Amino acid sequence: MEDKKAYSIAISLVILLITIIIFARLTLKLSKTFFLITGADVTLVLAVFAAVLMRRKFNNRRQLLENQLDSDGRELRIEYSFLRKVAGVPTRFRLKELEEATDNFGTLVGRGSSASVFKGVLSDGASVAVKRIQGEERGDKEFKSEVAAIASVQHVNLVRLLGYCSVSTMGPRFLVYEYIVNGSLNNWIFQKRGSRGCLSWDLRCRVALDVAKALSYLHHDCRSCILHLDVKPENILLDENHHAILADFGLSKLMGKDESRVVTTIRGTRGYLAPEWLLENGISEKSDVYSYGMVLLELIGGRRNITVAEIGNSKSKFSYLPKIVSEKLAQGKIMDVVDKRLAHEVSAGGGVVEIQVKKLVCVALSCIQERPKLRPTMARVVEMLVGRVPVEEPLQTTMLIFDLLASDEDLDHHLGQPRAPAAMPRSRQMDTTNHYSNSARSFAMSVLSGR
Ligand SMILES: Nc1ncnc2c1ncn2[C@@H]1O[C@H](COP(=O)(O)OP(=O)(O)O)[C@@H](O)[C@H]1O
Ligand SMILES: [Mg+2]
């Protein structure tokens, strides 16, 4: 029974008993019956007072215990949430919390192939990036891959997952990351609208090392080998000190330590895909090494690896940076490939920068060797970059994409036909001796180069 109710019953009872005494006094005068009724009434009034006192005492003790339990619980919760934070265990957020944190998803900071990312501030003041993943089946797959890969890893050059939120199986899913203030690398190395500035040469060298360390950790130092499978400038973020943080694990795949490759459907971004994706007989951590090499070349050149320029008469000409870099290296004119916006820094740095450029170029060209076996591991790349092992001159390699682009240009010229379909049946796989049918060649070109 509630306290208020009990007290009002007690008061009503006392008033009733007093009324009975007064009534008895008036009707029975000072008779024996009056004294008997008064005696019984007074006993009852005393009993009511005793019950009220006991109840108050009991309530006070209960309140005291509740307060103690509450403060113990709060302390435990704080301790638990602290332990979760240091252990890197992601928190489950409610949709309402995320709506409040992001001001109803008001500030868009980026958009990728599967998700929109919004800036937010949590109730404890932490700045976060909330990634909203759309799409039922694909969205669910990407959400699970991302949580599986990133929730179990911790590295200074990998983005930190703080939590997640999944409202229903049909609705969007959310991943909550620490907010990385300087956004993605593409806005710092490519000249275009919305670019954030031009990253200095020194910082480019550091970004190259940071990303190599992150990939080396994923490939070699985790319980399972984690393949990122979407290494590209858009998925590399820069923190307040321009340290690189590898992000976006939506396409990642776990590979057992005893496996040498995994078979999976083509995923990743065209232009960074290793040629073995086309063979459909498995990819490995060396596919990430290839994409890393491609990013490294873009970092040096400050331009995309494949660019297409209009040359009039509705004709276009492509330019393939890896081919240009490898020719310039052979001619001893490697400084020609460096981002022109860094000219001042390069001339001020003199020979030192030239040595660094050559080192990065050699590492990049080793990483994009056509045959996966000839590419170094990411651990070896780190060793080369920090100077623990010498950087070797890269072997000459065929460049499937360059050949495909060249032949595709001929095809377009002669046939003037649209691109090949985006899926090739297994029976039409290219053969490894480089004899392609026109359609297979065109398909391979569109898959690998993104043209
Ligand atoms: N933690 C973050 N901090 C700041 N910006 C971010 C963060 N995560 C992602 N972004 C921005 O959002 C873009 C898309 O995020 P991403 O995770 O790559 O999504 P998708 O899986 O759709 O490619 C990134 O290119 C980047 O510009
Ligand atoms: Mg992305």
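Everything numeric in this text was worked out from a predicted model, so none of it was measured.

A.B. asks: Help me out: how do you make sense of the overall build of the chain in this one?
C.D. replies: On a plain count of helices and strands, the chain comes out with 14 helices and 12 strands. Contacts in the chain between residues at least 24 apart in sequence constitute 64% of all its contacts with a sequence separation of at least 6.

A.B. asks: Explanation requested: the packing of helix 6 (residues 201–220) against helix 12 (residues 378–386) in the structure shown.
C.D. replies: At a minimum axis separation of 8 Å, helix 6 and helix 12 run at an interaxial angle of 150°. In terms of orientation, helix 6 and helix 12 fall into the roughly antiparallel class. As helix 6 packs across helix 12, the resulting crossing turns out to be left-handed. Across from A208, L209, A212, K213, L215, S216, H219 and H220 in helix 6, the residues of helix 12 making contact are M378, A379, V381, V382, L385 and V386. A class-by-class count of the residues in the contact of helix 6 with helix 12 yields 10 nonpolar, 3 polar and 1 charged.

A.B. asks: Quick question: what am I supposed to make of the site of ligand 1 here?
C.D. replies: For ligand 1, the set of nearby residues contains 22 residues, the closest of which are G110, G112, V117, A129 and D248. Of all the secondary structure elements, the ones that give two or more residues to the shell around ligand 1 are strand 2 (108–111), strand 3 (115–121) and strand 4 (127–133). Among the elements that make up the shell around ligand 1, the one with the highest residue count is strand 2 (3 residues).

A.B. asks: Honestly, unusual backbone geometry in this entry has me stumped. Any pointers?
C.D. replies: Trans peptide bonds make up most of the peptide bonds, and negative phi angles are found at most residues other than glycine. Although it is not a glycine, D103 adopts a positive phi angle of roughly 55°. Counting through the fold element by element, D103 comes out in the loop between helix 3 (95–101) and strand 2. Unlike most non-glycine residues, H242 shows phi in positive territory, near 60°. With respect to the element layout, H242 can be found in the loop between strand 8 (236–238) and strand 9 (244–246).

A.B. asks: What is the right way to look at the UniProt feature "transmembrane region" (unreviewed entry) in the chain in this model?
C.D. replies: Within the UniProt annotation, "transmembrane region" (unreviewed entry) is assigned to residues 7–28 and 34–54. With 100% helix and 0% strand, the stretch residues 7–28 has end C-alpha atoms that lie 31 Å from each other.

A.B. asks: Help me understand the environment of G387, please; the structure alone is not making it clear to me.
C.D. replies: Take G387: it is sitting in the loop between helix 12 and helix 13 (400–415). As for G387 and K359, which are separated by 28 residues in sequence, their C-alpha atoms are 9.6 Å apart.

A.B. asks: I'm lost on the environment of D3 in this one. Help?
C.D. replies: Within the fold, D3 resides in helix 1 (residues 3–28). In this structure the C-alpha to C-alpha distance between D3 and N59, which are 56 residues apart in sequence, comes to 8.9 Å.

A.B. asks: Please explain helix 6 as it appears in this structure.
C.D. replies: What sets the pattern is the α-helix's 3.6 residues per turn: residues three or four places apart point alike. Along its 20 residues, helix 6 runs 28 Å from first to last C-alpha, staying within 8% of the 28 Å computed at 1.5 Å per residue. Within helix 6, 14 of the 20 residues are buried, leaving the element largely enclosed by the surrounding structure.

A.B. asks: Can you help me understand the pairing of strand 3 in this one?
C.D. replies: For a regular strand, side chains alternate in direction, first toward one face of the sheet and then toward the other. Here 3 bridges tie strand 2 to strand 3, and the two strands are oriented antiparallel to one another. Bridging from a neighbouring strand, R111 pairs with S116 of strand 3. Adjacent in sequence and paired antiparallel, strand 2 and strand 3 are bridged by 3 residues. By the bridge criterion, 7 bridges tie strand 3 to strand 4 in an arrangement that is antiparallel. Residue S116 lies in a different strand from strand 4, and its bridge partner there is R132. Counted between consecutive antiparallel strands, the loop separating strand 3 from strand 4 contains 5 residues, among which G125 sits at a positive phi close to 95°.

A.B. asks: How should the nonpolar core be read in this particular structure?
C.D. replies: The nonpolar side chains of a soluble globular protein tend to be buried with one another. With 80 residues, the main nonpolar core has V211 and L296 as its most contacted residues. With residues up to four places along the chain from it excluded, the contact list for V211 reads N157, I236, A244, L246, Y292 and V295.

A.B. asks: Would you take a moment to explain the packing of helix 8 (residues 285–301) against helix 11 (residues 351–367) for this structure?
C.D. replies: Packed helix pairs are characterised by how far apart their axes lie and by the angle those axes make with each other. For the pair helix 8 and helix 11, interaxial distance at closest approach is 7 Å and the crossing angle is 150°. Regarding the angle of helix 8 to helix 11, the classification is roughly antiparallel. The way helix 8 lies across helix 11 gives a crossing that is left-handed. Packed against helix 8, whose contacting residues are V289, Y290, Y292, G293, L296, L297 and I300, the element helix 11 presents V357, L360, V361, V363, A364 and C367 at the interface.

A.B. asks: What is the right way to read the UniProt feature "binding site: ATP" (unreviewed entry) in the chain from this model?
C.D. replies: Look at the UniProt record and you will see "binding site: ATP" (unreviewed entry) annotated at K131. Its place among the elements puts K131 in strand 4. The class for K131 is buried, based on 27 C-beta atoms found within 10 Å.

A.B. asks: Got a minute to help me understand the environment of A149 in this structure?
C.D. replies: Assignment of secondary structure puts A149 in helix 4 (residues 137–150). Sequence separation between A149 and I226 is 77 residues, and the spatial gap between their C-alpha atoms is 6.9 Å. With residues up to four places along the chain from it excluded, the contact list for A149 reads I226, F249, S252 and L254.

A.B. asks: Help me understand the sheet that holds strand 4 in this model?
C.D. replies: Working definition: the strands of a sheet are paired by backbone hydrogen bonds and lie parallel or antiparallel to each other. As summarised here, the arrangement of the 6 strands in space is 1-5-6-4-3-2, forming an open sheet in which the pairing is mixed. Because the sheet does not close on itself, it has two edges, and the strands there are strand 1 (91–92) and strand 2. Pairing analysis gives 5 bridges linking strand 5 (residues 161–166) to strand 6 (residues 173–178), with the strands arranged antiparallel. Counterpart to S166 in the pairing with strand 6 is R173.

A.B. asks: Sorry if this is basic, but what is going on with helix 12 here?
C.D. replies: Taken as a whole, helix 12 has its buried residues at M378, V381, V382 and L385. What you see down the axis of helix 12 is that its buried residues fit within an arc of 100°, all on one side. In this structure, the buried residues of helix 12 make contact with helix 6, helix 8 and helix 11.

A.B. asks: Help me understand the confidence of the model for the chain, please; the structure alone is not making it clear to me.
C.D. replies: The predicted coordinates ought not to be read in detail in places where the model reports low pLDDT. Averaged over every residue, the pLDDT of the chain is 85; residues scoring 70 or more account for 86%. Across residues 411–436, confidence stays below pLDDT 50; counting only partners more than four residues off in sequence or on other chains, it has 22 contacts.

Each value, and the rule that gives it
Residues numbered from 1 in each chain as written. Chains lettered and ligands numbered in written order. Predicted model: local features only at pLDDT ≥ 70, side-chain atom pairs only at ≥ 80, totals over all residues. Helix = DSSP H or I, 4+ residues; strand = E, 2+ residues; numbered from the N terminus. Contact = placed C-beta atoms within 7 Å. Axes fitted to C-alpha atoms, helices over the stretch in contact; angles between N-to-C directions. Parallel < 35°, antiparallel > 145°, perpendicular 65-115°, else oblique. Left-handed = near helix turned anticlockwise from the far one by under 90°. Nonpolar A, V, L, I, M, F, W, Y, C, P; charged D, E, K, R; others polar. Near = placed C-beta within 6 Å. UniProt positions renumbered as here; feature names shortened; annotations may be inferred. Expected span 1.5 Å × (residues − 1). Buried ≥ 20, exposed ≤ 12 C-beta atoms within 10 Å, placed from the backbone. Pairing = 2+ DSSP bridges. Core = buried A, V, L, I, M, F, W, Y, C linked by C-beta atoms within 7 Å. Arc of directions from axis to C-beta. pLDDT = per-residue confidence, 0-100.

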